Amino acid sequence: MRKRQLGNLEVSSIGLGCMGMSFGYGPASDAKEMTRLIHSAIDRGVTFFDTAEVYGPFTNEELVGEALQPFRNKVVIATKFGFDLQGTRPTGLDSRPEHIKEAVEGSLKRLKIESIDLYYQHRVDPDVPIEEVAGAMQDLIREGKIKHWGLSEASVSTIRRAHKVQPLAAVQSEYSMMWRQPEENLLPALEELNIGFVPFSPLGKGFLTGSVDQNTTFDSSDFRSIVPRFKPENLKANQTLIELVQQIAANKKATSAQIALAWVLAQKPWIVPIPGTRKLERLEENLGAADIELTSEELRDLNKELSKIEIAGERYPAEHEKKIDK
Ligand SMILES: NC(=O)c1ccc[n+]([C@@H]2O[C@H](COP(=O)([O-])OP(=O)(O)OC[C@H]3O[C@@H](n4cnc5c(N)ncnc54)[C@H](OP(=O)(O)O)[C@@H]3O)[C@@H](O)[C@H]2O)c1
């Protein structure tokens, strides 16, 4: 698979989001099976793996650390800090430097590594100035505990302030045909600052693959059970988008998932999506997107059609959206 640059960090052009293996999309999957899936991703050229201490909490890092141990020198591991995980459930944000310094030790231990390749602040903490967080990252880089750092769902002004103290390699935020807000201010700023972009939920949490419709039900352990966009009436309203993606897929002899990912990849050469899956055939399908090229004409026509479609339903429940740095 071809490589892309996130700042000075080189990774495969498509990464693997590992969250759903332990968290967010129903009960945790079998660890042995997920280990085989991660190894299959490596066999197919994936060198970029995404996890976070809050996924589980902790169990996803343990799974990823164990699975990647034999391949340590061939892969880039990204993880995230920033939630208060004292209790059994994350209760709030905590990016105080003293907390970060404890969190990094836990992640290093669970991932069985001596240095984290890419360490993101998972959510901006309104109680801690970003300069203090960037200062803590600078210390961790000097100590060799992390190699690069990034922010997730951060505003452009926060990114600029952070980047001045300690340059960022990447920003991770939601981006897909269903959520195009990053195009307004975020992507131009990242281009200017030479910071890479890692879109999460590039498949619209599965919706863009066409495998979800108004009759799909979600278990209470599946985050989508509380996401407005996944309410039956919104799933129904958003089928227009699926129809458009399916039409393009048929023209390009590809699948809907592949078109969703090829569209993200075509936006900028410094964008690296991290689709998540727990199934080998879907992993293979998703990686096939790296070989699909949308010409500038195809992209222009597709974007024109996309701009006519209004997406129904919020991407997050209100209390989650409140945590997003604006
Ligand atoms: N920074 C953040 O705040 C943040 C937030 C969310 C996610 N993330 C990261 O981003 C990664 C990806 O995001 P995501 O998992 O939320 O969303 P996603 O990649 O858009 O979609 C994942 C969903 O799509 C399904 N899927 C995957 N490939 C498919 C295919 N070819 N056909 C049909 N269904 C398919 C998966 O089901 P199966 O697993 O059953 O295949 C899963 O339900 C996560 O793993 C995580 O590492 C970060």
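Preceding block: the structure.
Residues numbered from 1 in each chain as written. Predicted model: local features only at pLDDT ≥ 70, side-chain atom pairs only at ≥ 80, totals over all residues. Heavy atoms only, no water.

(A) How the structure looks around the side chain of Glu174. Along the chain, Glu174 turns up in strand β10 (residues 170–174). Take Glu174: its relative accessible area is 0%, and that puts it in the buried class. Apart from the residues within four sequence positions on either side, Glu174 is in contact with Glu153, Trp179, Pro182, Phe200, Ser201, Lys205, Arg229 and Arg315. (Helix = DSSP H or I, 4+ residues; strand = E, 2+ residues; numbered from the N terminus. Buried < 20%, exposed > 50% of the residue type's maximum accessible area, 1.4 Å probe, protein only. Contact = heavy atoms within 4.5 Å.)

(B) Region of the structure containing unusual backbone geometry. That bond from Gly56 to Pro57 is cis: its omega, 0 degrees, falls within 30 degrees of zero. By the secondary structure assignment, Pro57 is in the loop between β4 (48–50) and α2 (59–68). Of note in this structure, Asn194 is not a glycine but carries a positive phi near 60 degrees. Relative to the elements of secondary structure, Asn194 occurs in the loop between α6 (186–193) and β11 (196–200). The class of Asn194 is exposed, set by a relative accessible area of 55%. For Ser201, which is not glycine, the phi dihedral falls at a positive 45 degrees. With respect to the helices, strands and loops of the structure, Ser201 is situated in the loop between β11 and α7 (232–237).

(C) Just the packing of aromatic side chains, in detail. Considering all chains together, one arrives at six aromatic pairs under this definition. Pairing Phe81 with Tyr119 gives two aromatic rings, centres 4.7 Å apart and planes at 45 degrees, and the pair type is tilted. Pair noted here: Phe81 is in strand β5 (residues 76–81) and Tyr119 is in strand β8 (residues 116–121), with a separation of 38 residues, a long-range link. Aromatic rings pair up to connect Tyr175, Phe197 and Trp263 into one cluster. (Phe/Tyr/Trp six-rings, centres within 6.5 Å; stacked < 30°, edge-to-face > 60°.)

(D) Geometry of the site of the ligand. The local shell around the ligand holds 31 residues, among which Tyr25, Asp50, Leu203, Thr277 and Lys279 are the closest. One nitrogen or oxygen atom from the side chain of Asp50 is found 2.6 Å from an oxygen atom belonging to the ligand. Within the contact set of the ligand, an oxygen atom lies 2.5 Å away from a side-chain nitrogen or oxygen of Lys279. Protein chains shield 96% of the accessible area of the ligand, which is 900 Å² for the free molecule. Looking at the shell around the ligand element by element, the count peaks at three residues for helix α10 (residues 280–287). Taken together, the residues that form the shell around the ligand break down as ten nonpolar, twelve polar and nine charged. (Near = heavy atom within 4 Å. Polar contact = N/O pair within 3.5 Å; in protein donor to acceptor, adjacent residues only side chain to side chain. Areas by Shrake-Rupley, 256 points an atom, 1.4 Å probe, with all protein chains shown as cover. Nonpolar A, V, L, I, M, F, W, Y, C, P; charged D, E, K, R; others polar.)

(E) A look at the pairing of β10. With respect to burial, β10 is a largely interior element, five of its five residues being buried. Alternating residues of β10 divide into Ala170, Gln172 and Glu174 and Val171 and Ser173, and every residue in both groups is buried. Sheet analysis places strand β9 (residues 146–152) next to β10, joined by three bridges and oriented parallel. Looking at β10, one finds that Leu151 is bridged to Val171. Crossover connection from β9 via helix α5 (residues 156–165) to parallel β10: handedness right-handed. Across five bridges, the pairing between β10 and β11 is parallel. By the bridge assignment for β11, Glu174 is matched with Phe200. As for the winding sense of the linkage, the β-α-β connection from β10 through α6 to β11 is right-handed. (Pairing = 2+ DSSP bridges. Right-handed = clockwise from strand over helix to strand, strands pointing away.)

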